[in-house]
Amino acid sequence: MAVTDHVDLNGFMEGVKKRNPHQPEFVQAVQEVAEDIFDFIQDKEEYHAQQILRRIAEPDRVVSFRVCWEDDNGNIRVQRGWRVQNNNAIGPYKGGIRFHPSVNESVLKFLAFEQTFKNALTGLPMGGGKGGANFNPKGKSVREIMRFCQSFMTELYRHIGPDVDVPAGDIGVGGREIGFMFGQYKRITNHWNGVLTGKGLEWGGSLIRTEATGYGAVYFLENMLATKGESVAGKTAVISGSGNVATHAAEKIVQLGGKVLTLSDSGGFIHDPDGITQEKIDWVKAHKTHRRGRIEEYVEAFPGATFHPGKTPWGVPCDVALPCATQNELLGEDAKTLIANGCKAVSEGANMPTDLDGVHAFKAAKILYAPGKASNAGGVAVSGLEMSQNSERRSWKEEELQQMLKDIMKGIHDACIRYGDQGGGYIDYVKGANIAGFKKVADAMLAFGVV
Ligand code: GLU
């Protein structure tokens with residue numbers, strides 16, 4: 001037995017907690033993975049001896065920097081920016097940039113850690129990273145957002161590159177922000193290359209990148225339901241969030257014949273018992289994305305609906321649920337309510353939306369439950385395809401990309417079954433995703449020796 005081999009799960013987690021004080025989201029993400037990995041590596045001496053999990057749970061580097069910008073009133077503002085480069089064993093670091101007041105090192109470390117497993121699951125050569133700033137885009141003018149993005153990139157550019165680290169969007173960062181950042185990168189470096197994904201179609205972006213995360217989460221759901229001989233058609237769906245992921249998940253549910261009952265934002269949720277149709281989804285997209293409105297205004301446009309301030313939608317009875325807002329938005333009690341109301345399947349569009357109690361409740365009830373690292377991987381998968389198109393200097397057709405996205409989501413589903421099949425018709429998708437993602441990264445790390 002190796003000297004390093006006598007640490008059990010609890011001992012390992014004690015170390016993680018000690019080394020990462022005041023970082024609860026990061027500790028939570030590591031714990032959720034470690035619970036499955038300790039089981040898997042129990043009889044695999046080499047992973048223990050080489051301290052593989054310990055190394056994946058220690059980012060390669062965390063870059064933290066000051067971002068100064070001037071607001072429209074001439075005030076100097078100071079924000080903190082980060083890029084967490086977690087692991088590049090299987091490809092360049094890859095992962096989004098988040099602008100939100102809740103962003104801190106713990107949140108970005110958890111996201112970069114999760115991204116490492118998610119990206120491995122896509123089967124594409126991408127390592128894991130994440131970045132962002134504690135900047136609140138809400139209420140800012142377009143010029144202010146532009147100046148912030150430029151200032152952010154003025155530091156970030158030296159840490160990234162098409163073969164080094166390829167950021168993209170996340171909460172608070174969409175096509176417009178990617179445009180401002182790409183413009184500044186190009187201006188500083190004089191390089192036009194695939195350093196960012198989620199670009200506009202006129203300047204190197206990929207078709208279906210915008211839709212990919214939400215659509216992918218529904219494709220994953222469809223794959224899960226198929227194992228029970230069921231499909232999305234005719235099912236009622238409760239969705240949280242009203243941004244890019246939530247609206248495209250809703251769109252795909254509607255296209256496949258399901259009925260969407262809810263959407264939400266930080267102010268509360270709307271419940272539309274008549275169903276949120278494509279026309280209503282288009283209204284939400286225009287209202288939230290282009291006019292930066294609040295979801296509560298939905299009930300004025302569509303009076304059949306009700307608004308529930310300060311609440312999440314998990315109490316509305318449904319067949320399937322898609323948490324598509326943010327981390328820890330679905331707690332243990334919510335999971336129990338969903339189960340009690342007969343919810344059959346949960347497919348996460350957000351990253352770690354369910355807390356550990358919720359995860360344990362879903363596992364205990366043995367319902368179809370897909371963690372974000374498996375079910376929301378469609379977005380980063382199409383980002384990977386955008387990188388390939390940029391390297392080839394050509395753009396693929398929409399049909400080709402649609403098919404590739406479906407195939408990748410099916411591939412992730414198959415990988416989850418391979419490592420998560422518990423017998424008796426129950427598939428533990430959390431376990432399957434954790435082990436399949438871990439194994440790919442771990443085996444690459446073994447090949448590299450101690451680096
Ligand atoms: N932010 C997305 C995610 O959580 C996409 C990242 C990317 O496209 O690089 O996976």
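Quick look at the structure, then. None of the values given here were measured: they were computed from a predicted structure.

Thresholds applied
- Residues numbered from 1 in each chain as written.
- Predicted model: local features only at pLDDT ≥ 70, side-chain atom pairs only at ≥ 80, totals over all residues.
- Heavy atoms only, no water.
- Near = heavy atom within 4 Å.
- Polar contact = N/O pair within 3.5 Å; in protein donor to acceptor, adjacent residues only side chain to side chain.
- Helix = DSSP H or I, 4+ residues; strand = E, 2+ residues; numbered from the N terminus.
- Nonpolar A, V, L, I, M, F, W, Y, C, P; charged D, E, K, R; others polar.
- Expected span 1.5 Å × (residues − 1).
- Pairing = 2+ DSSP bridges.
- Axes fitted to C-alpha atoms, helices over the stretch in contact; angles between N-to-C directions.
- Salt bridge = Lys/Arg side-chain N within 4 Å of Asp/Glu carboxyl O.
- Buried < 20%, exposed > 50% of the residue type's maximum accessible area, 1.4 Å probe, protein only.
- Phe/Tyr/Trp six-rings, centres within 6.5 Å; stacked < 30°, edge-to-face > 60°.
- Lys NZ or Arg CZ within 6 Å of the ring centre and 35° of its normal.
- Contact = heavy atoms within 4.5 Å.
- Core = buried A, V, L, I, M, F, W, Y, C linked by side-chain atoms within 4.5 Å.

**Examining the site of the ligand**
Piece 1. If you check the shell around the ligand, you find 13 residues, and the closest are Lys 94, Lys 118, Gly 169, Asp 170 and Ser 383.
Piece 2. In this structure, a nitrogen atom belonging to the ligand sits 2.9 Å away from a main-chain N or O atom of Gly 169.
Piece 3. At 2.8 Å, a side-chain N or O of Asp 170 approaches a nitrogen atom of the ligand.
Piece 4. Of all the elements in the fold, those that place two or more residues in the shell around the ligand are β3 (93-99), α5 (105-121) and α15 (378-392).
Piece 5. With 3 residues, β3 is the single largest residue contributor to the shell around the ligand.
Piece 6. Residue classes in the shell around the ligand are distributed as 2 nonpolar, 6 polar and 5 charged.

**Some details on the environment of Gln 150**
Piece 1. Along the chain, the position of Gln 150 falls in helix α6 (residues 142-156).
Piece 2. Gln 150 sits 35 residues away from Tyr 185 along the chain, and the two C-alpha atoms are 8.3 Å apart.

**Looking at helix α17 (residues 429-448)**
Residues that lie three or four places apart on an α-helix share one face, since the helix turns once every 3.6 residues.
Piece 1. The end-to-end C-alpha separation of α17 is 29 Å, in line with the 28 Å expected for 20 residues at 1.5 Å each.
Piece 2. You can read the cap of α17 off the contacts: a side-chain oxygen lies 3.2 Å from the backbone nitrogen of Val 430, and it is on Asp 428.

**Structural notes on the sheet that holds strand β11 (residues 345-347)**
Piece 1. Taken together, the 7 strands give an open sheet; going across it, the order is β9-β8-β7-β6-β10-β11-β12, and neighbouring strands pair in mixed fashion. Among the strands making up the open sheet, the edge pair consists of β9 (306-309) and β12 (368-370). On average, each strand axis in the sheet is tilted by 15° relative to the strand beside it, whichever way the strands run.

**Thoughts on the pattern of salt bridges**
Piece 1. The full count for this structure, using the stated rule, is 25 salt bridges.
Piece 2. With a closest N to O distance of 2.9 Å, Asp 71 and Arg 77 form a salt bridge.
Piece 3. Look at Arg 77 and you get partly exposed, because its relative accessible area is 32%.
Piece 4. We note a salt bridge from Lys 373 to Glu 114, for which the minimum N-O separation is 3.4 Å. In this pair, Lys 373 is assigned in helix α14 (residues 372-375) and Glu 114 in helix α5, connecting sequence segments 259 residues apart. Neither residue differs from the other here; Lys 373 and Glu 114 are each classed as buried.

**Overview of the packing of aromatic side chains**
Piece 1. Counted by the stated rule, this structure contains 21 aromatic pairs.
Piece 2. Relative to Phe 148, the ring of Trp 69 has its centre 6.2 Å away and its plane inclined at 90°; by these criteria the two rings are edge-to-face. Taken as a pair, Trp 69 in strand β1 (residues 61-70) and Phe 148 in helix α6 lie far apart in primary sequence, 79 residues in all. Neither residue differs from the other here; Trp 69 and Phe 148 are each classed as buried.
Piece 3. Among the aromatic side chains, those forming a connected cluster through ring pairs are Phe 65, Trp 69, Phe 99, Phe 135, Phe 148 and Phe 152.
Piece 4. Across from the ring centre of Phe 26, 4.6 Å away, lies the NZ or CZ of Lys 109, which sits over that ring.

**Focus on the environment of Gly 81**
Piece 1. One can find Gly 81 in strand β2 (residues 76-87).
Piece 2. Residue Gly 81 is classed as buried on the basis of its relative accessible area of 0%.
Piece 3. Sequence separation between Gly 81 and His 159 is 78 residues, and the spatial gap between their C-alpha atoms is 12 Å.
Piece 4. Beyond its immediate stretch of four places on either side in the chain, Gly 81 contacts Val 63, Ser 64, Phe 65, Val 67, Gly 132, Ala 133 and Phe 152.

**Quick notes on helix α9 (residues 244-255)**
Piece 1. With 12 residues, α9 extends 17 Å from end C-alpha to end C-alpha; this agrees with the ideal 16 Å at 1.5 Å per step.
Piece 2. Within α9, 9 of the 12 residues are buried, which leaves it mostly tucked inside the rest of the structure.
Piece 3. Turning to α9, its buried residues are Val 245, Ala 246, Thr 247, His 248, Ala 249, Ala 250, Glu 251, Lys 252 and Ile 253.
Piece 4. In the core, the buried residues of α9 are packed alongside α8 (209-226), β6 (236-240), β7 (259-265), α10 (278-290) and β10 (320-323).

**With respect to the side chain of Lys 431**
Piece 1. Secondary-structure assignment places Lys 431 in helix α17.
Piece 2. A polar contact is formed between the side chain of Lys 431 and the side chain of Asp 39, at a distance of 3.3 Å.
Piece 3. Sequence-distant contacts of Lys 431, defined by excluding residues within four places in its chain, comprise Asp 36, Asp 39, Lys 363, Tyr 419 and Gln 422.

**Considerations on the nonpolar core**
Nonpolar side chains tend to gather and get buried jointly when the protein is soluble and globular.
Piece 1. Ranked by size, the top nonpolar core spans 57 residues in total, and within it Phe 220, Leu 221, Ile 239, Leu 322 and Ile 412 carry the most contacts.
Piece 2. Of the residues forming this core, the biggest block, 9 residues, is contributed by α8.
Piece 3. Dropping the residues within four chain positions of it, Phe 220 is found in contact with Ser 347, Ala 370, Ala 374, Ser 375, Met 409, Ile 412, His 413, Cys 416 and Tyr 429.
Piece 4. By size, the runner-up hydrophobic cluster in this structure holds 38 residues, among which are Ile 41, Leu 111, Phe 438 and Val 441.

**Topic: the pairing of strand β4 (residues 128-133)**
Piece 1. Counting buried positions along β4 yields 6 of 6 residues, so the element is predominantly enclosed.
Piece 2. Burial along β4 is two-sided: the face carrying Gly 128, Lys 130 and Gly 132 and the face carrying Gly 129, Gly 131 and Ala 133 are both buried.
Piece 3. Of the strand pairs in this sheet, β2 and β4 are connected by 6 bridges, and their pairing is antiparallel. For Gln 85, the partnering residue across the bridge sits in β4 and is Gly 129.

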